[in-house]
Amino acid sequence: MDKKLSVVIPAFNEEDMVEAAARTVGGVLRDAGIPYELVFVDDGSKDGTWEAILRAHGADPNVRGVSFSRNFGKDRAVFAGLSKARGECVAVMDCDLQHPPEKLPEMYALWEQGFEVVEGVKRDRGEESGLHRACAGAFYSVISKLAKLDMKRSSDFKLMDRRVVDTLLSLPEEDVFFRGLTAFVGYRRAEVEFDVAQRTAGVSKWSFKSLARYAVSSVTAFSAAPMQLAAVFGVLFGVIAVVTGILYAIVGWDADGWLVFLAVMILLALACVLLCMGIIGYYVGRTFRQSLGRPRFIISRECGE
Ligand code: UDP
Ligand code: MG
């Protein structure tokens, strides 16, 4: 008897994509003879996403759905799906079919061979512009270094063994970062390359602001190094102060430009101090939110057995 695959699909304002996704993914898995369930997570959509999930459930009883009381973000939606999934293995993919469902049977076969995390690795970043590609490249090389995890080519398209899912669900952090945490937990891994397909309906939910927030939140989830910037600035300005003092003793106050130099240095040091306070404040904020112990998400509706 083949083992069940759960497919977790986060959906935020995807009323045009849900039924197509359910039909396509279900079709691929039925053709491959893989028992499945599709777990849609409506991440507090403002459009008819939930109604679309109900219709998809009506058309295929293997479709299940949960709905958040408001938008909590994709990573939390993924974790909600993982907590609801019942399969022996669980895949995660986007609702917009940018992650090709045809790859699922190949990923499932690798899982059957004993791999516990089968990662979808992007061969091509689809329709993203050169600037976006460069930013994404820079972001992942910085975060890979800071977090000591290789996340450069990784994506949210993955298939995981039940054991990996249970490990992820046992992690206590409130602010979950799916891509980073799946790298963090380890396990036997395999990779499957895929080309990012074009979106056929709806729009990408990422603005520059939300991407920047995502970048900061992911770095701070894995590394305390940014806080050490304060020490670096301390040494730097300490050296400048000593050198300035020595020069003052030698040259005296008469030389032109001293005052400007001092003023610039003092303002620069002040800017660095404020920057470091902001960084440390960010970490304190994280600790504060974690200490509140609030839930990662709130589920308001469910459908499907
Ligand atoms: N998504 C979500 N919550 C959000 C934003 C996005 O559940 O707050 C879902 C979205 O519906 C899609 C997936 O995450 O299934 C990827 O989003 P999107 O296509 O906007 O991202 P991109 O492909 O542009 O990186
Ligand atoms: Mg997309």
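Before reading further, recall that the structure is shown in the block above.
Residue numbering note: each chain is counted from 1, following its sequence as written. As they are written, the chains are lettered A onward and the ligands numbered 1 onward, keeping that order. For a predicted model such as this one, the threshold for reporting local features is a pLDDT of at least 70, and the threshold for listing and counting side-chain atom pairs is 80 or more; totals across whole chains, interfaces and linings nevertheless cover every residue. Calculated side-chain values reflect all of the structure's heavy atoms, with hydrogen atoms and water omitted.

### Quick look at the coordination of the magnesium ion (ligand 2)
In an ideal tetrahedron of four donors about a metal, each angle is 109.5 degrees. In an ideal octahedron of six donors, the angles are 90 or 180 degrees. Those donors, Asp-96 (OD) and Gln-98 (OE1), are the protein atoms that reach the magnesium ion (ligand 2), and they lie 1.9 Å from it. Comparing Asp-96 with Gln-98, the two get one shared label, buried. Donor selection uses N, O and S atoms within 2.8 Å of the metal (3.2 Å for Na, K and Ca). Since no water is included, sites may look incomplete. The buried label applies to any residue whose accessible area, calculated with a 1.4 Å probe on protein chains only, is under 20% of its type's maximum; exposed applies above 50%, and partly exposed to all values in between.

### Quick notes on the pairing of strand β4 (residues 89–92)
Each helix corresponds to a stretch of at least 4 residues labelled H or I by DSSP, and each strand to a stretch of at least 2 residues labelled E; elements are numbered beginning at the N terminus. Here β4 shows a buried face lined by Cys-89 and Ala-91 and a second buried face lined by Val-90 and Val-92. Here 4 bridges tie strand β1 (residues 5–11) to β4, and the two strands are oriented parallel to one another. Each residue of the ladder has a partner; that of Ser-6, found in β4, is Val-90. Looking at chain direction, β4 and strand β6 (residues 154–161) are connected through 4 bridges and run antiparallel. Residue pairing in the sheet places Val-92 in a bridge with Lys-158 of β6. Being paired, for any two strands, means DSSP has found at least two bridges between them.

### Comments concerning empty space enclosed by the protein
Gaps left between atoms are located by rolling a probe of water-molecule size over the structure's atoms. Cavity and pocket criteria rest on a 1 Å grid covering protein atoms alone: a 1.4 Å probe that fits but cannot get out defines a cavity, protein on both sides within 12 Å along at least 5 of 7 lines defines an open pocket, and an atom within 4 Å of a point defines a lining residue. Grid points are joined across faces, edges and corners, and a volume is the space filled by probe spheres set on the points. Applying the stated criterion to the full structure yields 1 cavity of 30 Å³ or more. Taken as a whole, the largest cavity spans an internal volume of roughly 40 Å³. Looking at the largest cavity, the residues that line it are Val-39, Arg-64, Gly-65, Val-66, Lys-84, Glu-302, Cys-303 and Gly-304. When contributions to the lining of the largest cavity are tallied by element, the ones reaching two or more residues are β3 (63–68) and β8 (299–303). When grouped by side-chain class, the residues that make up the lining of the largest cavity number 3 nonpolar, 2 polar and 3 charged. Gly is placed with the polar residues, together with every amino acid not listed as nonpolar (Ala, Val, Leu, Ile, Met, Phe, Trp, Tyr, Cys and Pro) or charged (Asp, Glu, Lys and Arg).

### A few points about a nonpolar patch on the surface
Like-charged residues are merged into a patch within 9 Å and nonpolar side chains (Val, Leu, Ile, Met, Phe, Trp, Tyr) within 5 Å, provided each residue has over 30% relative accessible area and no salt bridge. Calculation of accessible area relied on Shrake-Rupley with a 1.4 Å probe; when residues are assessed, cover is drawn exclusively from the protein chains displayed. The term salt bridge refers to a pairing of a side-chain nitrogen on Lys or Arg with a carboxyl oxygen on Asp or Glu at a separation within 4 Å. Residues Val-235, Val-239, Val-242, Val-243, Ile-246, Leu-247, Ile-250 and Val-251 make up a contiguous nonpolar surface patch of about 730 Å² in total accessible area. Position of Val-242 relative to the elements: it lies in helix α9 (residues 229–251).

### Quick look at helix α8 (residues 208–222)
Between the first and last C-alpha of α8 there are 22 Å, a value that for 15 residues agrees with the 21 Å anticipated at 1.5 Å per step. Taken as a whole, α8 has its buried residues at Ser-210, Tyr-214, Ala-215, Ser-217, Ser-218, Val-219, Thr-220 and Phe-222. Given the number of residues in a helix, its expected span is that number minus one, multiplied by 1.5 Å.

### Looking at the environment of Thr-287
When you line up the elements, Thr-287 lands in helix α10 (residues 258–292). Residue Thr-287 is classed as exposed on the basis of its relative accessible area of 53%. Sequence separation between Thr-287 and Ala-32 is 255 residues; the distance between their C-alpha atoms is 46 Å.

### A look at the packing of helix α1 (residues 18–31) against helix α2 (residues 49–59)
For helices, the fitted line uses only the C-alpha atoms of the stretch in contact; every axis is such a line through C-alpha atoms, and the angle between N-to-C directions lies from 0 to 180 degrees. Where α1 contacts α2, the two axes come as close as 8 Å, and the packing angle between them is 30°. As judged from the angle between their axes, α1 and α2 are roughly parallel. In this structure, α1 meets α2 at a crossing whose hand is right-handed. Contacts from Val-18, Glu-19 and Ala-22 of α1 reach α2 at Thr-49, Ala-52, Ile-53, Arg-55 and Ala-56. Here the residues of the contact of α1 with α2 sort into 5 nonpolar, 1 polar and 2 charged. Oblique is the label for any angle not covered by the other classes, which are roughly parallel (under 35 degrees), roughly antiparallel (over 145) and roughly perpendicular (65 to 115). Two helices cross in a left-handed way if the nearer one is turned anticlockwise from the farther one by less than a right angle. They cross in a right-handed way if the turn is clockwise. We call two residues in contact whenever any of their non-hydrogen atoms come within 4.5 Å of each other.

### Here we look at the environment of Thr-244
Inspection of the secondary structure puts Thr-244 in helix α9. Residue Thr-244 is classed as buried on the basis of its relative accessible area, which comes to 11%. Along the primary structure Thr-244 and Pro-101 are separated by 143 residues, whereas in three dimensions their C-alpha atoms are 64 Å apart. Among the polar contacts listed, one links the side chain of Thr-244 to the backbone oxygen of Ile-240, at a separation of 2.5 Å. N or O atoms closer than or at 3.5 Å make up a polar contact, with two conditions inside protein: a donor-capable atom paired with an acceptor-capable one, and, for residues adjacent in sequence, both atoms drawn from side chains.

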